[in-house]
Each structure stands twice: as C-alpha cells, then as structure tokens.
Amino acid sequence: MDRLSTRGDLNSPVSRPERFPRRPSATVEEFASGLNELALGGDGWRSVLDRISTVTGRKARLIGVHGGVFWATDGGDATMSPSEVARVFAEPEPTTVELADGLSARALPVWAGQRRVGLLLLAEPVDERNLAYLVASATAVAIEAVRRDAAATAKAENASRLIDELRYGALRGTDELTRTAARFGLRLDEPHAAAAFAYDGPNRRTWSTALSWLEMPVRQEDGEGWTVLAGDVPREIGRIRVRLQGMVGEGTVLAAAGPVVAGPRDTARSFLDAETVLGLLRRRRGENELLYSELGPAQLLLAVPPERLHTFVDQQLGPILDRPELILTLDAWLATRGSRAAVADLLHLHRNSVGYRVGQLRQLLGADPLDPDTAHRMRTALTARELLHVFCHRTS
C-alpha cells in the first residue's frame, strides 16, 4: 500500500477523534506502554494515532520528512514542504505549525535512531498534560516506522526482481509470471505500459525514498525508476511525476512511457521503447513528460535498423553533420516555419546571424529547407539523428 495514501476517512467513525472521550485517568507511563504494545503488535499508523486522539481528545496527524501525510485521524491531507519539516526538526522543543487547511497543531519531531521519521502533530490548544502524551508517543511512532521500513525493504527487493524480469525477459512461463505480478498489483493480462522516471537533482536519498513509496513495484537504478502502469497511462504518468516532483523539491523529475501492450510477452519491448522515449525526453529542453504515443514519425523510425538510420542521416545532413550550430539552426528554422525573429530568440542570435546561417544551409544542402519535400526529409533526418544519439548513449 502506498504510504502517502493511508489517510483517515472523514466518513469513518475512527477518524473523528472528537467522538472519543478523553481518558484523564491514564497516566503518561500507562499511555506510553499501551501505545508501544500497539506498535510492536503491528497495528499500524491508524491504531497508534487513533489511540493518541482518544486519550488527548485532539486531532492527530503524522507528516513524513518530505511533507506527505502518513495518516490523519481527521482525514486531513494538507502537506508541508520539506523545508518546513526541516525547520521543525531544528527546533529544540515541539513547536506550533499552521497547515494550509487551517489546522494549527503542535509538531513533535520523531527520530528512529539517527533517521528522521517525521512530525507527529497534535491539534492546538495543547496543554501541559497533552504535551506530555505527545512526547510519550514518539517511541511507538518510531517502532512502527522501523517495522514498516523492514517490510518495505523485503517487498521492494522482490518487486525489483520482478521489474527486472519484465524489462529483460523472463525465463519462466507467462502464466507464472502473470500470477507473480498480480501479487504486486500488476495485471499483465490487461493493457499496460512500461514507465520510466528520472531525477537530475541533488536530493538523491529523497528521490530513492519517494520511489519506494509508490504503490506499484519499482526498480531503482542510477537515478531512474522503472515500473508498469495500467489504465489511463497519460493520467498516471502525470500524477506520479507531479507527486515525485513535490517530494524531491529541487531538481527536475522526468517521466516517460513506452507503448501500451496487451500481454506479458510484449512487456519487455515496452520497457525498451520507454528507455528510448526517456532518452529523447532528456534532449528536449523545457519538457518533463513524454509518451510513446506522442513521438510521431519517431515511432516508425524505432523499427528501422540503426545502420540504415545512419545511412539516411548521412545522405540528408552529411554536409552539416560536423557543424552543430547549423544543425541547431536547421531544427529551429523548421520548427518556426522560417521565422527569423523566432529563431533569433530561440538561439540567442542576432537576426542577421540567423539569415547568414540559413544562407549557409541552403548552399551546403543544395535546397531550400522550407520547400515542403525538403522540409519533410530534413525533419525526418533530424529525428533519426536524435534517435541515433539516444541509441549510442543506451549502449555505451
């Protein structure tokens, strides 16, 4: 289950702490002992936080170190930024925080050894007795975090092996593979697509944690995450990318998807194409999502052997292949349909410089790039050249 999706249900009685009378007879020591027993028994965030709400009569929430909601007894889903969480961890005592949904709460940083677990929040006003209960809750929350991490690590290792099988081809039969995938929530007998996520920022540990919290099995590798998506793939790609971006903060998260396939025999091909789509996305400035279905002519070129692509590119672009500034100018000239001003803005050139380069293109290519037939061949050749760069990077 996705850790960030386990929030309270507003319609559920247990999510309304005001229904539970406060129990002033419970001493802090008795409360802490009972709470620790719940955590050791594996009852989960829900039981631990509901007990806190029952005893204190206040709403309780647990916020992860990256700002997401682990659980909220009132169903609240207001997040915090990682910098806000870090600020609270730097305070010597529990401090009051204001959330976007209007909740004012006392926030207690919770540690499990040297690892930060998150913030345990208790709705204000918090008197001295409730503050004592809040502080006494830290051990139980840490116990549950350690238990979850151990379970998540074991599951992630198995999930990672499954994704590797799907990426590179499985030795076992498709029926067995389909049954195994189903235990991780993947329906390989229904339409699905491979997905790849990449991160180029400095918060690599946060990125790794964010991937491990996804609700589907993920394989992590060199700043990338690989998984399988079903249903509305474009919507899922966007949802997951935005969520990952919100967790890592600084840096850019990229998301790519391969073609939708119907069964496990074709899943490896979807992964291979997803890798190519991700490579193309890395070369496109200002874009952070790309689907196989959006590639256009590149979809057809993917089926062409690389040696034939090399021959075609040499035939069409040979005179300018060693002139990267002319390649960029040709690409921009075709994209803007011959707008000297737009090309000047794109390439940060003077308009006269654009005119000079276009003149060189006409001379070296022996044709007007804007001629319809020439423009089609040039655009196809530029796309083929881009694919060859991706193929080279993939095999190096």
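Okay, so let's go over this structure. Note that the structure is predicted; figures quoted are calculated from it, not measured. (Residues numbered from 1 in each chain as written. Predicted model: local features only at pLDDT ≥ 70, side-chain atom pairs only at ≥ 80, totals over all residues. Heavy atoms only, no water.)

### Some thoughts on the sheet that holds strand S8 (residues 224–230)
Logical step 1: Pairing is mixed in the open sheet, where five strands are placed in the order S7-S8-S6-S9-S10. Unpaired on one side and paired on the other, strand S7 (219–221) and strand S10 (289–291) mark the two borders of the sheet. Taken pair by pair, the neighbouring strands of this sheet meet at an average axis angle of 20°, ignoring direction.
Logical step 2: The sheet contact formed by strand S9 (residues 253–257) and S10 spans three bridges and is parallel. (Pairing = 2+ DSSP bridges. Helix = DSSP H or I, 4+ residues; strand = E, 2+ residues; numbered from the N terminus. Axes fitted to C-alpha atoms, helices over the stretch in contact; angles between N-to-C directions.)

### Section: the pairing of strand S4 (residues 104–112)
Logical step 1: Counting buried residues in S4 gives eight out of nine residues, a clear majority hidden from the surface.
Logical step 2: Count of turn residues in the strand S3 (residues 95–98)/S4 antiparallel hairpin: five residues, of which Gly102 carries a positive phi of about 95°.
Logical step 3: Summarising the sheet, S4 and strand S5 (residues 115–123) pair through eight bridges and their orientation is antiparallel. If you follow Pro109 over to S5, its bridge partner there is Leu119.
Logical step 4: Between the antiparallel neighbours S4 and S5 lie two residues, among them Gly113 with a positive phi of about 65°. (Buried < 20%, exposed > 50% of the residue type's maximum accessible area, 1.4 Å probe, protein only.)

### Thoughts on the pairing of strand S2 (residues 69–72)
Logical step 1: Across three bridges, the pairing between strand S1 (residues 60–64) and S2 is antiparallel. For Arg61, the partnering residue across the bridge sits in S2 and is Ala72.
Logical step 2: The loop that links S1 with its antiparallel partner S2 comprises four residues; one of these, Gly67, has a positive phi angle of about 95°.

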